[in-house]
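# Inside the fold
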Amino acid sequence: MPVKMRLSRHGKKGQPFYHIVIADGRAPRDGRYIERLGTYNPLTTPAEINIDFDKALDWYQKGAQPTDTVRAILSYKGILYRNHLLIGVKKGAFSQEEADVKFNKWLEEKEAKINAHKTDVLESERNISKARLDAEKEVNEARAEEFKKKRAAEMKAIEDAALAAAKEAKEALAAANGETTEEAAEEAAEEETPETPEA
């Protein structure tokens, strides 16, 4: 079995963190390895990749077979492109200086793309956070308005009850003093008026 460039999983459950290693193809995934080249954290946006460029290129040129994920990582970091340029230099297609210029230009473009992606991610996160805050603000304002209405209704009910209690107390006090209220006086006046005899 050939030597492989692959990922070795570490980290807690649901929070993977990988080491990029050179290992025998027969060794278990998280078992013994020959050399560690770097780390890969897929949880960040964009993914955080730290890899020893020269060692990875050297192992790749020696024939180490990368897994699909590691091949994507090598391509992302420019190791495969650098290898392609070095093969072109060996074949005499262009000089080493031209290869360096091409690779540096590629690196600059890649950095610009990564920075643009980071900016887009930050902007979208900011927009999502703002939308969430606005929605929460609306809910809080609606709750405050509802609480105001409820409080006003409760205060009105308390005032009505207090007025009714005051009226009852006033009537009871007047009855205790032997005084008649206006309503009682009107009723007494109606009872005292004699009925007119029919002709």
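Description of the structure in this document. Note that the structure is a prediction, hence the values are computed from the model and not measured.

Conventions used here
- Numbering of residues starts from 1 in every chain and runs along the sequence as written.
- Under the rules for a predicted model, residues below a pLDDT of 70 receive no local features and side-chain atom pairs below 80 are neither given nor counted, while totals for whole chains, interfaces and linings still include all residues.
- Side-chain numbers come from the whole structure's heavy atoms, not from hydrogens or water.
- Among the buried residues, those of types Ala, Val, Leu, Ile, Met, Phe, Trp, Tyr and Cys that are joined through side-chain atoms within 4.5 Å form a nonpolar core.
- Only protein chains enter the area calculation, which uses a 1.4 Å probe; residues under 20% of their type maximum are buried, those over 50% are exposed, and those in between are partly exposed.
- Starting at the N terminus, helices and strands are each numbered in turn, a helix being any DSSP run of H or I of at least four residues and a strand any DSSP run of E of at least two.
- Any two residues whose heavy atoms approach within 4.5 Å at even a single point are treated as in contact.
- Here, expected helix span is obtained from the residue count minus one, scaled by 1.5 Å.
- Strand pairing follows a simple DSSP-based rule, namely that at least 2 bridges must link the two strands.
- Identification of polar contacts relies on pairs of N or O atoms within 3.5 Å, with a donor-acceptor requirement for protein atoms, meaning one able to donate a hydrogen and the other able to accept it, and with residues adjacent in sequence counted only if both atoms are side-chain atoms.
- Between Lys or Arg on one side and Asp or Glu on the other, a salt bridge is scored when a side-chain nitrogen of the former is within 4 Å of a carboxyl oxygen of the latter.

Grouped burial of nonpolar side chains is what soluble globular proteins tend to show. In terms of nonpolar packing, the biggest core is built from 19 residues, with Met5, Ile20, Leu37, Ile51 and Leu74 touching the most fellow members. Contributions of two or more residues to this core are made by β1 (3-10), β2 (17-24), β3 (35-41), β4 (48-51), α1 (53-62), α2 (68-77) and α3 (79-91). Residue contributions to this core peak at four residues, all from α1. Dropping the residues within four chain positions of it, Ile20 is found in contact with Arg6, Leu7, Glu35, Arg36, Leu37, Gly38, Thr39, Tyr40, Ile51, Val70 and Ile73.

On to helix α4 (residues 96-176), then. For α4, which comprises 81 residues, the first-to-last C-alpha distance of 117 Å matches the rise-based estimate of 120 Å (1.5 Å per residue) to within 8%. Of the residues making up α4, those classed as buried are Ala99, Phe103, Ile114, Val121 and Ala174. The secondary structure elements touched by the buried residues of α4 are α1, α2 and α3.

Mapped onto the elements, Pro66 comes out in strand β5 (residues 65-66). Once residues lying within four places of it in the same chain are set aside, the contact partners of Pro66 are Met5, Tyr60, Arg71 and Leu74.

What follows is about the pairing of β2. Here is the key point about a regular strand: its side chains alternate between the two faces of the sheet. A large share of β2 lies buried, amounting to six of its eight residues. Counted along the chain from β1 to the antiparallel partner β2, the turn is six residues long, and its residue Gly11 has a positive phi close to 95°. Pairing between β2 and β3: five bridges, direction antiparallel. In the strand pairing of β3, Ile22 is matched with Glu35.

Turning next to the side chain of Ser8. Positionally, Ser8 belongs in strand β1. Note on Ser8: relative accessible area 4%, which makes it buried. A polar atom in the side chain of Ser8 sits 3.4 Å from the side chain of His10. Ignoring sequence-local partners within four residues, the contact set of Ser8 consists of Phe17, Tyr18, His19, Val21, Arg29 and Asp30.

Moving on to unusual backbone geometry. Of the consecutive residues Thr45 and Pro46, the connecting peptide bond is found in the cis state with omega at -10°. When you line up the elements, Pro46 lands in the loop between β3 and β4.

The subject of this paragraph is the pattern of salt bridges. Per the counting criterion, the structure on display carries nine salt bridges. Here Lys62 ties to Asp58 by a salt bridge, and the two come within 3.1 Å at their closest N and O atoms. Taken as a pair, Lys62 and Asp58 lie in helix α1 at a separation of four residues, close to a single helical turn. With a closest N to O distance of 3.5 Å, Lys130 and Asp134 form a salt bridge. Here Lys130 and its partner Asp134 are both found in helix α4, four residues apart, which amounts to about one turn of the helix. Judged by its relative accessible area of 53%, Lys130 is exposed. Residue Asp134 is classed as partly exposed on the basis of its relative accessible area of 35%.

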